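Summary of structural features
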Amino acid sequence: MRMGCLRLLPGLSVLLLLTLRPADEAPGAISSLPSVISSWTPAGPLHFLSLLTIVSIPTAFAVMACAPWCPLHSACVNATACSCLPGFTSLSEEIITTSSETYSNECGPPLSVFCGKLASCQNTEGSYYCVCNPGYRLVSGAMNFSHESQNTCQDVDECNSREHQCHSSTFCININGSYVCHCLPGLVPKPGFPHKQRTTQCEVISFPTWTLPPGIKSQSLSHFSKEIQDLGRGFRPAWAKDTIKYVIKALDELLEGSGDLEALTLPDRHRVATYLLLYLEEVLSTLAKAIPEPSFSYHSPSDTEVSLNRSQEQGNGTIILGQRHTQMQLNWAEAVGVGEPGPTLAGLFSSRNMQKLVANASLKLDPENKVHLENTHGGPVGGGQPRLLSAVSTVFLSNKNTEKLGSPVNFLFSHLSVTPGPRQQVLCVFWEHGQNGSGHWSTKGCRMVGTGDTSTTCLCTHLSSFAVLMTHYDVQEEDPTLAVITYVGLSLSLLCLLLAALTFLLCKAIQNTSTSLHLQLCICLFLAHLLFLTAIDRTEPRVLCAIIAGALHYLYLASFTWMLLEGLHLFLTARNLMVVNYSSVSRFMKKFMFPVGYGVPAVIVSISAASRPHLYGTAARCWLHPEKGFMWGFLGPVCTIISVNLAFFLMTLCILKSKLSSLNTDVSTLQNTRMLTFKAMAQLFILGCTWCLGILQLGPAAHAMAYLFTIINSLQGVFIFLVYCLLSQQVREQYMQWFKGARKIRANSDKYTLTSRATSESSKPSMVN
């Protein structure tokens, strides 16, 4: 019994020690012997006996250690591993051996749960469940399921079940997994509300208003405006197709009627054309939205055509539109409007009647096209009047930003049979409107791909709101013979003008008011011809070309102004044969001729340069640009001077005829009068009247008139030298004196040379001795 009790002492001693362990020891850990001894004070022999017994405890009874880093939802296995609780897993499945491992749910990789089609897995703490995708529902009506085999998800028809939230201006259209809201018939999406979305809101189509071009008064346009306003007041979206027909009918009546449009000036007619084309683009694209059919075509009795096509989806591929006048091929992607509500729209309007408004419009060649034409024809391209061959065609799309398309648009124009001549060119152009509302033809962004007798293919990289058409353009080839005549004639004129100017300066016998006028005319013409020969083709740099053009403008205007003063002086001289008043006329001319001769051209050039400086210099020549009537800054004063000089000439002839009929036998007076008559005849050619030949360069005689104009005007300096110098007796006598003096000087020089040579020879023997 005692021995049995002794065997229990070690176990009791261990329990006692565990009970008396320090409070901060971790459960399951055994303190070291020194720490136990230091933390416990023995109290009697029994305690001492227990200490002896502790030393002999077997290690098999020790409690195992646990890993302190085990994460949430896990349990300790030992000091180096943890185990996931039920319903949780890790990347290394059940056992976690490092603290860097993370948990993954059943719905995520690598052990993703597959719930089947039209469903998705939802993770929960310690578990998961499957739900149908939005817009789908289980057949049983349950909210979730747990396995792919239980998947019975099917589409929910929100429209029939009235679970949609479409606006009252739309109706619901069910689609797989969702729904969209479509505008009710006759309505269009409001601005800022995309079409066919859950938030789409619609409004009634508003008929575009037509406004008359400002400053234009026309009864025909007013009647057209009234008809358009009546259509707008009674417009109903269901009548969209009929409304398009009525708009085209009103347009045809405007263009075909014998109204007052033809009485408008060309700029006003071109402004009306611009306003009409822009309005047609707006009204046709608006009315097309209300047409329920995907396509619509109409050919009016007046040969006007409209074709349009709509796509509910964002179209892909290529679409071909058009009828007899014009066919258009474009990529559907170019028709899609960014942020534009409603279906994608593409339409084409063609009218031959628009020719009434765009006739005689100017043509603006882009630099690339102009260089190509000049290289093709070997000369500069002139400003031939374009002739319209095809119908005017306007494109309207859902896309409003069509100034630069991603892919070009192909046009096939039908037109009357035409065969371009050697000096003609068929061009693809479009109607470009300016800042003031007017318009003109331009080739920018359009090029011709091919042309035949009755059709032409064009390729354009932009549309905007402009009409695309073709024009017939005359290409002016440079005649090498005319160029030779110009250079030879002007060179000879320069020599003659220089001799005439020296004569007027050095010949004392003829110096008077008339001679001063001749001298200033010679100086201005000499400088103008010299600058023309040396710098007319120097188009680069542009600033230098503009300065050259301005200098030529001034010098030629000054020449014509001195021609005007010459004509005035001749008239006053003839008039003084009837009324003796020489001194007062001479004083008048001397006082005002220089301010008028050089001041008036300076004022004209200053006004032109201040108003439009960029129109000095063209791509081919350093001269005035014909755009916007800028050439009239030169032609206007020239035509006025020519007219006034012609009037002076006629009045001078009348005075001389009256004088000749009343002359007595005074031979000197008779000779003076005859000389004035001859000078008056010569003045008709010298004083600018030959420039009228330039106006006659039209029709079959254009080539002959061009030669006549070039020959006469390039030899203007020769005529001046011939009339005022060689045919003047005083000048001839002065020339003879100069010639005799030159011969005498030369003879004296030769005599002096012979004398010097003889003296030198006679002095040589004496030097030898």
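These notes cover the structure that comes with them. Only a predicted model underlies this, so the values are computations on that prediction, with no experimental measurement involved. (Residues numbered from 1 in each chain as written. Predicted model: local features only at pLDDT ≥ 70, side-chain atom pairs only at ≥ 80, totals over all residues. Heavy atoms only, no water.)

1. Details of the overall build of the chain
- Summing up its helical and strand segments, the chain has 18 helices and 27 strands in all.
- For the chain, the residues scored as buried account for 41% of the 769 residues in total.
- Restricting the contact set of the chain to residue pairs at least 6 apart, pairs at least 24 apart contribute 62%.
- Carbon and sulfur atoms make up 60% of the accessible area of the chain, which amounts to about 42,300 Å² in all. (Helix = DSSP H or I, 4+ residues; strand = E, 2+ residues; numbered from the N terminus. Buried < 20%, exposed > 50% of the residue type's maximum accessible area, 1.4 Å probe, protein only. Contact = heavy atoms within 4.5 Å. Areas by Shrake-Rupley, 256 points an atom, 1.4 Å probe, with all protein chains shown as cover.)

2. Details of the state of the cysteines
- One pass over the full model with this rule turns up 10 disulfides.
- The disulfide partner of Cys159 is Cys172, and the S-S distance across this bridge is 1.8 Å. Between Cys159 and Cys172, the disulfide has an S-S torsion of -65° and is therefore left-handed. Of the two residues, Cys159 is situated in the loop between strand E9 (153–155) and strand E10 (170–175) and Cys172 in strand E10; the sequence distance between them amounts to 13 residues. Cys172 carries the same exposure label as Cys159, and that label is buried.
- Each disulfide pairs two cysteine sulfurs, and for Cys166 the partner residue is Cys181, the sulfurs being separated by 2.0 Å. Looking along the S-S bond of the Cys166-Cys181 disulfide, the torsion reads about -90°, which is the left-handed sense. On the criterion of sequence distance, the pair formed by Cys166 in the loop between E9 and E10 and Cys181 in strand E11 (residues 178–183) is long-range, its members being 15 residues apart. With respect to class, Cys166 is no different from Cys181; both count as buried. (Disulfide = S-S within 2.5 Å.)

3. Some thoughts on the environment of Ala528
- Following the sequence through the fold, Ala528 ends up in helix H11 (residues 513–535).
- The spacing of Ala528 and Leu555 is 27 residues in sequence and 5.5 Å in space, taken between C-alpha atoms.
- If near-sequence neighbours (up to four positions away) are discounted, Ala528 is found in contact with Leu552, Leu555 and Tyr556.

4. Quick look at helix H12 (residues 542–576)
- Taking 1.5 Å per residue, 35 residues should reach 51 Å; H12 reaches 51 Å between its end C-alpha atoms and fits that length.
- Within H12, 25 of the 35 residues are buried, which leaves it mostly tucked inside the rest of the structure. (Expected span 1.5 Å × (residues − 1).)

5. Quick look at the packing of H11 against helix H17 (residues 716–726)
- Two numbers describe how H11 lies on H17: the axes approach to 11 Å, and their chain directions differ by 160°. As the angle between them shows, H11 and H17 are arranged roughly antiparallel. Seen along the crossing, H11 lies across H17 with a hand that is left-handed. Every residue of H17 that contacts H11 at His518, Leu521, Cys522 and Leu525 is listed here: Gln716, Ile720 and Tyr724.
- A breakdown of the residues in the contact of H11 with H17 according to their chemical character gives 5 nonpolar, 2 polar and no charged. (Axes fitted to C-alpha atoms, helices over the stretch in contact; angles between N-to-C directions. Parallel < 35°, antiparallel > 145°, perpendicular 65-115°, else oblique. Left-handed = near helix turned anticlockwise from the far one by under 90°. Nonpolar A, V, L, I, M, F, W, Y, C, P; charged D, E, K, R; others polar.)

6. Notes on the packing of aromatic side chains
- Counted by the stated rule, this structure contains 12 aromatic pairs.
- On the basis of an interplanar angle of 75° and a centroid distance of 5.8 Å, the ring pair of Trp562 and Phe594 is categorised as edge-to-face. You can see Trp562 sitting in helix H12 and its partner Phe594 sitting in helix H13 (residues 582–611), a full 32 residues away along the chain.
- Trp562 gets classed as buried once you look at its relative accessible area, which sits at 0%.
- Note on Phe594: relative accessible area 38%, which makes it partly exposed.
- Judged by centre distance (5.1 Å) and plane angle (80°), the ring pair of Trp623 and Phe634 falls under edge-to-face. (Phe/Tyr/Trp six-rings, centres within 6.5 Å; stacked < 30°, edge-to-face > 60°.)

7. Focus: a nonpolar patch on the surface
- Together, Leu498, Leu502, Leu505, Leu506 and Trp738 make up an exposed nonpolar region whose accessible area comes to about 460 Å².
- Sorting elements by how many residues they give to the nonpolar patch places helix H10 (residues 480–506) first, with 4 residues.
- Inspection of the secondary structure puts Leu505 in helix H10. (Patch = residues over 30% accessible without salt bridge, like charges linked within 9 Å, V, L, I, M, F, W, Y side chains within 5 Å. Salt bridge = Lys/Arg side-chain N within 4 Å of Asp/Glu carboxyl O.)

8. Here we look at the sheet that holds strand E25 (residues 446–451)
- Strand order in the open sheet formed by 5 strands is E16-E17-E22-E26-E25, and the pairing between neighbours is antiparallel. Single-partner strands in this sheet number two, and they are strand E16 (318–322) and E25. For this sheet, the mean inter-axis angle between neighbouring strands, taken without regard to orientation, is 20°.
- Here strand E22 (residues 409–414) pairs with strand E26 (residues 455–460) via 6 bridges, running antiparallel. The residue bridging Leu412 from the neighbouring strand is Thr457, located in E26. (Pairing = 2+ DSSP bridges.)

9. Quick look at the pattern of salt bridges
- Overall, the coordinates contain 7 salt bridges when judged by the stated rule.
- Between Asp230 and Arg233 there is a salt bridge; the shortest N-O distance is 2.3 Å. Residue Asp230 and its partner Arg233 are located together in helix H4 (residues 219–233), separated by 3 residues, close to a single helical turn.
- A salt bridge links Asp268 to Arg271, with the nearest nitrogen and oxygen atoms 3.4 Å apart. Of the two residues, Asp268 and Arg271 are both situated in helix H6 (residues 266–288); the distance of 3 residues between them amounts to about one turn of the helix.

10. Quick notes on the pairing of strand E17 (residues 326–331)
- Here E17 shows a buried face lined by Thr326, Met328 and Leu330 and an unburied face lined by Gln327, Gln329 and Asn331.
- Across 5 bridges, the pairing between E16 and E17 is antiparallel. Each residue of the ladder has a partner; that of Ile320, found in E17, is Gln329.
- Between E16 and E17, which pair antiparallel and follow one another directly, the connecting turn spans 3 residues.
- Pairing between E17 and E22: 4 bridges, direction antiparallel. Paired with Gln327 across the two strands is Leu412, which belongs to E22.

11. A look at unusual backbone geometry
- At Leu118, a residue that is not glycine, the phi angle is positive and equals roughly 60°.
- Locating Leu118 in the fold gives a position in the loop between strand E5 (103–104) and strand E6 (119–124).
- The phi dihedral of Arg162 is positive, around 60°, even though this residue is not glycine.
- Here Arg162 is to be found in the loop between E9 and E10.

12. Some remarks on the pairing of E25
- Pairing between E25 and E26: 5 bridges, direction antiparallel. Bridge assignment links Met448 to a residue of E26, and that residue is Cys458.
- If you look at the hairpin formed by E25 and E26, you'll find 3 residues sitting between the two strands.

13. What to know about the sheet that holds strand E4 (residues 95–96)
- The sheet built from 3 strands is open, its strands ordered E1-E2-E4 with antiparallel pairing. Lying at the two open borders of the sheet, with one neighbouring strand each, are strand E1 (74–78) and E4.
- Pairing analysis gives 4 bridges linking E1 to strand E2 (residues 81–84), with the strands arranged antiparallel. Counterpart to Asn78 in the pairing with E2 is Ala81.

14. Some points on the packing of H10 against H11
- Orientation of H10 relative to H11, taken along the N-to-C sense of each, is 150°, at an axis distance of 9 Å. When the axes of H10 and H11 are compared, the pair comes out roughly antiparallel. Note on packing geometry: the crossing formed by H10 with H11 is left-handed. Contacts between H10 and H11 involve Thr486, Tyr487, Leu490, Ser491, Ser493, Leu494, Leu497, Leu498, Ala500, Ala501, Phe504 and Leu505 from the first element and Thr515, His518, Leu519, Cys522, Leu525, Phe526, His529, Leu530, Phe532 and Leu533 from the second.
- Of the residues that constitute the contact of H10 with H11, the class distribution is 16 nonpolar, 6 polar and no charged.

15. Some words on the side chain of His529
- Within the secondary structure layout, His529 lies in helix H11.
- Residue class for His529 comes out buried when judged on its relative accessible area of 3%.
- Residues contacting His529, with those up to four places away along its chain left out, are Leu490, Ser493, Leu494, Leu497, Tyr556 and Asn713.

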